[in-house]
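# Working through the structure, step by step
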Amino acid sequence: MSNNVTTVSSPWSAFSGPNLGYVMEQYDLFLQSPEEVEPELVSLFQQFGAPVVVEGDVAVVSGSAAPAGDYKKVLAAVKLADAIRSQGHLAADIYPLKNRALQTAQIEESAFNLSPADLAEIPAAIFFKDVPAGVKNGKDAIDYLKSVYTDKIAFEYGHVVVTEERDWIQTQIESGSLKQALSSDEKKALLDRLTRVENFEKFIHKTFVGQKRFSGEGLDTQIVLFDEILKTVEANKVENVRIGMAHRGRLNVLTHILNKPYDMMFSDFAHVSNDLFMPEHGRLEITKGWTGDVKYHMGASYTRESGMNVKLAYNPSHLEVGNPVVLGSTRATQDETSKPGQAVHNPAKGLGILVNGDAAFPGQGIVTEVLNYSKTEGFSTGGTIHIIANNMIGFTTELQDSRSSVYSSDPAKGYEVPVVHVNADSPEAVAQVGRFAANYRQKFGKDIIVDLIGYRRHGHNETDDPTVTNPETYKLVAKHDTIRTLYGAQLVSEGLVTADEVAALDAAIYAEMQVAYDHVKEMAAKDEHKQIEMPEELKIEFPQIDTAVGAERLQTINEELLVFEQNFEPQKKLGKILEKRRDAFTSAKIDWGHAETLAYATIIQDGTPVRFTGQDAQRGTFSQRHLVLHDKNNGNVFTPLHHISGANASFTVHNSPLTEAGVVGFEYGYNLEKGNVLSVWEAQFGDFANMAQVMFDNFISGARSKWGQKSGFVILLPHGYEGQGPEHSSSRMERYLQMSAENNWFVANCSNAGNYYHLLRRQAAMLETEGVRPLVVVSPKSLLRHPLAAASAEQLADGSFQEVIEQPGLGTKTESVERIVLGTGKVMIDLADRVKDGEGFDHLHIVRVEQLYPFPTAQVADIIAKYPNVKEIAWVQEEPKNQGAWNYALETLYELSEGKKLRYVGRPAMSSTSEGDADSHKAAQSAVIEEAVAETVKVK
Ligand SMILES: Cc1ncc(C[n+]2csc(CCOP(=O)(O)OP(=O)(O)O)c2C)c(N)n1
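Residues numbered from 1 in each chain as written. Predicted model: local features only at pLDDT ≥ 70, side-chain atom pairs only at ≥ 80, totals over all residues. Heavy atoms only, no water.

- As recorded in an unreviewed UniProt entry, the protein goes by oxoglutarate dehydrogenase (succinyl-transferring) and comes from Lysinibacillus sphaericus.
- The record in UniProt for the protein states the following under Catalytic activity (unreviewed entry): "N(6)-[(R)-lipoyl]-L-lysyl-[protein] + 2-oxoglutarate + H(+) = N(6)-[(R)-S(8)-succinyldihydrolipoyl]-L-lysyl-[protein] + CO2".
- In its Cofactor (unreviewed entry) section, UniProt records this for the protein: "thiamine diphosphate". (UniProt positions renumbered as here; feature names shortened; annotations may be inferred.)

Here it is as structure tokens:
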């Protein structure tokens, strides 16, 4: 008996009279010495307990009874049925090219020592809760099970642990609900659809010879799958669908699912502006950036007549990295953020669909990162439908080199996701699977995989010749009729259409495409080839935004944050730390976590929702934040920000799963969808963000210029050389600075909690404006509680974000200053500690660059201009010379130091980020500090 599938009836129902007596004897023996009992019976006893016949549970099927004394046959038959249910997929007809050996041996009667006659003797009720119509005995039952489990659809669901789900799936399969026949009209509509899908590819192939399109031919039924999923969820009142997919068949999805008209699609190939063909109904939306992207990376948004909005996400080439972005967007469609408290998650509002290649699905780790989100509180989207567009090849690489598992979908089984494999040559089966997958997701709110198995008609792209590397496969492909041809022939054989009608439909649709292209040629003359401009608002480097907040309002918030709900007791030590925030407010000792909490409080009062995630984000890696408190007596949680007065938006903070790429992508996607939410992600240590490098390189830095996508996403990267070794010192700020251009984002490195507070408030105020852009914050560790980095209430109430801060106490004697030291972040507080009140440092002025990008060149130049005798401008940093901001700032520093000496003060170039041991760190750090403050004449 398989562990995977349980038959609903007890097997004892098949025994009666002497047979039952024998089994009872064996049960007694089993209780005393189980080793003497046959293993099959042992497993039955273990599973079903004592052999008793329950009234009404006795199988009575047309007079047949179990063969006398032959319980073994019954056991074997039950095992056979289970084998079909759990292993039938290996024998299923799911490969259009029939180029994979089917494994039928384990579901053959002979493997269980059964003959058709044996089976005919066994009652059908052993196998089913509800015996399907026409099934009269065990032989019929086994034939029936084979017919549903080994046809064009194959199922793997034994790994789903929830019995209710398994039962539901089994019932859908075995009752025939899943395979509901299509009506004649539905079949004809399907043929029409396939004819469009095929002709779209053919038309481009013939008209735009040699242009890449990453044809979906061989998987044409992907469109049918989408159609059925969308129809089903539309009927369920889902309001938003977010789709992520790579290159394969994407243009076909754009035109047939997103309804980008044919002329608009063809204009992209003909280099005519596609704006000329934008439909007037206003339901199609496309954003564009000024540098642009290739056509098969562009996305679109389409609102269907029902009001359901469908978006295909813009994506880079990097396979599957769009998955978390799409799910973040999906989650955003499901969250209600306009009310105070936690954002309210309603998964019924949105659906995420992710399409993956068969090589990429098991190959790219981000796929499983995202599968792991499905049941987490902060990242669940109520079930994703994952489609594997399985053409059984990845570029030139065939499956045996691509993966170690039987199916491309196998990684999903670890997440208890049911898998349905379907033969892409069978449009009706694909439609049935589409409905089934959507119904499962709607019913259980969980992920499901549809493995759509077809082939690839051409090379990887249309200029590749696949016969060079995959000759055997392509011999088969060359001989294989298209899906439309096969389905047309099927409908002819069913008498629904004539062969002439199939041919006429084909010709008419091709002609329709020709008309669309003629329109493009006609309009080409009117095309002014206008270049898209970068928005004016984005050209502003230093937006002047008032971020001040009334002192009384802040005072009230501060008090309210310290009021816990009745009987709530935080852990004792923490309680004391929080209590100190009362005094800190009046004694200018507002530390980083405190200032940050006050910033969030004012932001939600201003009506901007906040969503904050990261590993251990609620407490904060450095125990500095404590946004969520835990009752020491019962573990109950309490979020003070949910209880302040006057909040007008939600505040949500989630500890995230231990991943970076996926979570950064998710949060970025969330922010794209809900641009009014201040989305903040924090790396545990800044260095770990390089696990998400692709998100910065391919989405966050350039999405506005490529795709016209606005985002105000905030990224916090703890950084600072504090002797904790190479992986806990550097956030690799140089990476972000290298990507800085066209005001694509802000990169800030604050030395003061108050400035950070204003930075967050400035970012919140910029959301949904044209000038909005992401914000990368190089954030502190030791400065979190450093008195020299603390803020005063006045600073929070009256100030604003300072791009540059001059060291208090220095630079007062303008004539005496000979050296101006510039730098950023924590090292500037090390310097502040060193110079104290400035006594003995008349030769020196220190200027902190709080915003690195855009570099505050004019502000720094104004400061330098105040000091007539400056001989030297020094850039100080604790990062090695080839890292940190030095190389990025160099060109600007040359300009700023014109006529003076420009000096680098810092560690030498290093292949690692820092010293590994605390003593070496101390020595290196103090050498940097001493060199920075030394008198100019004394330095070589
Ligand atoms: C991260 C990444 N690595 C490599 C590539 C190059 N590449 C583009 S498509 C492709 C094959 C993908 O195969 P599969 O996932 O089966 O999708 P198919 O193209 O067959 O639809 C490769 C290797 C890429 N785009 N992204």
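## A few points about the packing of aromatic side chains
- Considering all chains together, one arrives at 38 aromatic pairs under this definition.
- Arranged with centres 6.0 Å apart and planes meeting at 80°, the rings of Tyr 149 and Phe 155 form a pair that is edge-to-face.
- For Phe 155, a relative accessible area of 3% puts it in the buried group.
- Taking the centre distance of 5.7 Å and the plane angle of 15° together, the rings of Trp 168 and Phe 436 count as stacked. Residue Trp 168 is found in helix α6 (residues 163–175), and its partner Phe 436 is found in helix α15 (residues 427–444); the two are separated by 268 residues along the sequence.
- For Trp 168, a relative accessible area of 15% translates into the label buried.
- Looking at Phe 436, the relative accessible area reads 4%, which means it is buried.
- Here the aromatic cluster, defined as three or more aromatic residues joined through ring pairs, consists of Phe 200, Phe 203, Phe 208, Tyr 262, Phe 266, Phe 269, Tyr 510 and Tyr 517. (Phe/Tyr/Trp six-rings, centres within 6.5 Å; stacked < 30°, edge-to-face > 60°. Buried < 20%, exposed > 50% of the residue type's maximum accessible area, 1.4 Å probe, protein only. Helix = DSSP H or I, 4+ residues; strand = E, 2+ residues; numbered from the N terminus.)

## Considerations on the site of the ligand
- Surveying the vicinity of the ligand reveals 15 residues, the closest of which are His 247, Arg 248, Ala 359, Ala 360 and Ile 393.
- A distance of 2.9 Å is found between an oxygen atom of the ligand and a backbone nitrogen or oxygen belonging to Ala 359.
- In this structure, an oxygen atom belonging to the ligand sits 2.9 Å away from a main-chain N or O atom of Ala 360.
- When its residues are assigned to classes, the shell around the ligand shows 5 nonpolar, 8 polar and 2 charged. (Near = heavy atom within 4 Å. Polar contact = N/O pair within 3.5 Å; in protein donor to acceptor, adjacent residues only side chain to side chain. Nonpolar A, V, L, I, M, F, W, Y, C, P; charged D, E, K, R; others polar.)

## Some thoughts on the UniProt feature "domain: Transketolase-like pyrimidine-binding" (unreviewed entry) in the protein
- With numbering matched to this structure, UniProt assigns "domain: Transketolase-like pyrimidine-binding" (unreviewed entry) to residues 590–786.
- Annotated as 30% helix and 16% strand, the span residues 590–786 places its first and last C-alpha atoms 10 Å apart.

## Thoughts on helix α21 (residues 592–605)
- Over its 14 residues, α21 extends 20 Å from the first C-alpha to the last, a length consistent with the 20 Å expected when each residue adds 1.5 Å.
- Summarising burial for α21: 14 of the 14 residues are buried, a large majority.
- The N-cap residue of α21 is Asp 591: its side-chain oxygen and the backbone nitrogen of Gly 593 are 3.4 Å apart.
- Where α21 ends, the next residue or the one after it, Gly 607, has phi of about 95°, a positive value. (Expected span 1.5 Å × (residues − 1).)

## Focus: the sheet that holds strand β24 (residues 844–849)
- Spatially, β22-β24-β23-β26-β27 is the arrangement adopted by the 5 strands of the open sheet, whose pairing is mixed. Edge positions in the sheet fall to β22 (804–806) and β27 (901–907), since each has one partner strand and no second. On average, adjacent strands in this sheet sit at an angle of 25° to one another, irrespective of strand direction.
- Where strand β26 (residues 872–880) meets β27, 6 bridges bridge the pair, whose relative direction is parallel. Paired with Ala 874 across the bridge in β27 is Arg 903.
- Lying over the sheet, helix α30 (residues 886–896) contacts β23 (819–823), β26 and β27, oriented at roughly 165° with respect to β27. (Pairing = 2+ DSSP bridges. Axes fitted to C-alpha atoms, helices over the stretch in contact; angles between N-to-C directions. Contact = heavy atoms within 4.5 Å.)

## Focus: the sheet that holds strand β17 (residues 651–655)
- An order of β17-β14-β18-β19-β21-β20-β25 is seen for the 7 strands of this open sheet, with the pairing classed as mixed. With one partner strand each, in any of the chains shown, β17 and β25 (851–853) form the two edges of the open sheet. Each strand axis lies, on average, 20° off the axis of its neighbour in the sheet, ignoring direction.

## Re the environment of Glu 872
- Here Glu 872 is to be found in strand β26.
- Classification of Glu 872 by relative accessible area gives buried; the value is 2%.
- Taking C-alpha positions, Glu 872 is 7.4 Å from Ser 897, a pair spaced 25 residues apart along the chain.
- Of the polar contacts made by the side chain of Glu 872, one reaches the side chain of Arg 819; its length is 2.6 Å.

## Section: the pattern of salt bridges
- Within this structure, the stated rule accounts for 59 salt bridges.
- With a shortest N-O distance of 2.8 Å, Glu 234 and Arg 304 are connected by a salt bridge. Taken together, the residues span a long stretch of sequence, with Glu 234 in helix α8 (residues 222–235) and Arg 304 in the loop between β4 (300–303) and β5 (309–312) at a distance of 70 residues.
- With relative accessibility at 19%, the residue Arg 304 sits in the buried group. (Salt bridge = Lys/Arg side-chain N within 4 Å of Asp/Glu carboxyl O.)

## Observations concerning the confidence of the model for the protein
- Of the residues in the protein, 95% have a pLDDT of 70 or more, and the chain-wide mean is 93.
- Predicted confidence for residues 1–8 stays below pLDDT 50, and this span has 22 contacts to residues more than four positions away or in other chains.
- Here residues 53–69 scores under 50 on pLDDT; set against residues more than four positions off or in separate chains, the count is 29 contacts. (pLDDT = per-residue confidence, 0-100.)

## Some details on the pairing of strand β18 (residues 678–682)
- β18 sits mainly inside the fold: 5 of its 5 residues count as buried.
- Taking every second residue as pointing to the same face, both faces of β18 are buried, with Leu 678, Val 680 and Glu 682 on one and Ser 679 and Trp 681 on the other.
- The pairing of strand β14 (residues 610–614) with β18 spans 5 bridges and is classified as parallel. The residue bridging Arg 611 from the neighbouring strand is Ser 679, located in β18.
- Where β18 meets strand β19 (residues 714–718), 3 bridges bridge the pair, whose relative direction is parallel. From the neighbouring strand, Val 680 faces β19, where its bridge partner is Val 714.

## Here's the deal with helix α17 (residues 483–493)
- Residues of α17 that are buried: Ile 483, Arg 484, Tyr 487, Gly 488 and Leu 491. Viewed along the axis of α17, the buried residues span an arc of 125°, placing them on a single side of the element.
- If you follow the buried residues of α17, they end up packed against α7 (184–207), α15 and α18 (499–524).
- Gly 495 sits one or two positions beyond α17 and adopts a positive phi of about 75°. (Arc of directions from axis to C-beta.)

## Regarding unusual backbone geometry
- That bond from Tyr 853 to Pro 854 is cis: its omega, -10°, falls within 30 degrees of zero.
- Topologically, Pro 854 is positioned in the loop between β25 and α29 (857–865).
- Of note, the phi angle at Asp 616 is positive, near 60°, even though the residue is not glycine.
- Within the secondary structure layout, Asp 616 lies in the loop between β14 and β15 (629–630).
- Not every positive phi belongs to a glycine, and Glu 742 is a case in point at roughly 55°.
- For Glu 742, the location among the structural elements is in the loop between α25 (733–738) and β20 (746–748).
- With a relative accessible area of 38%, Glu 742 lands in the partly exposed category.

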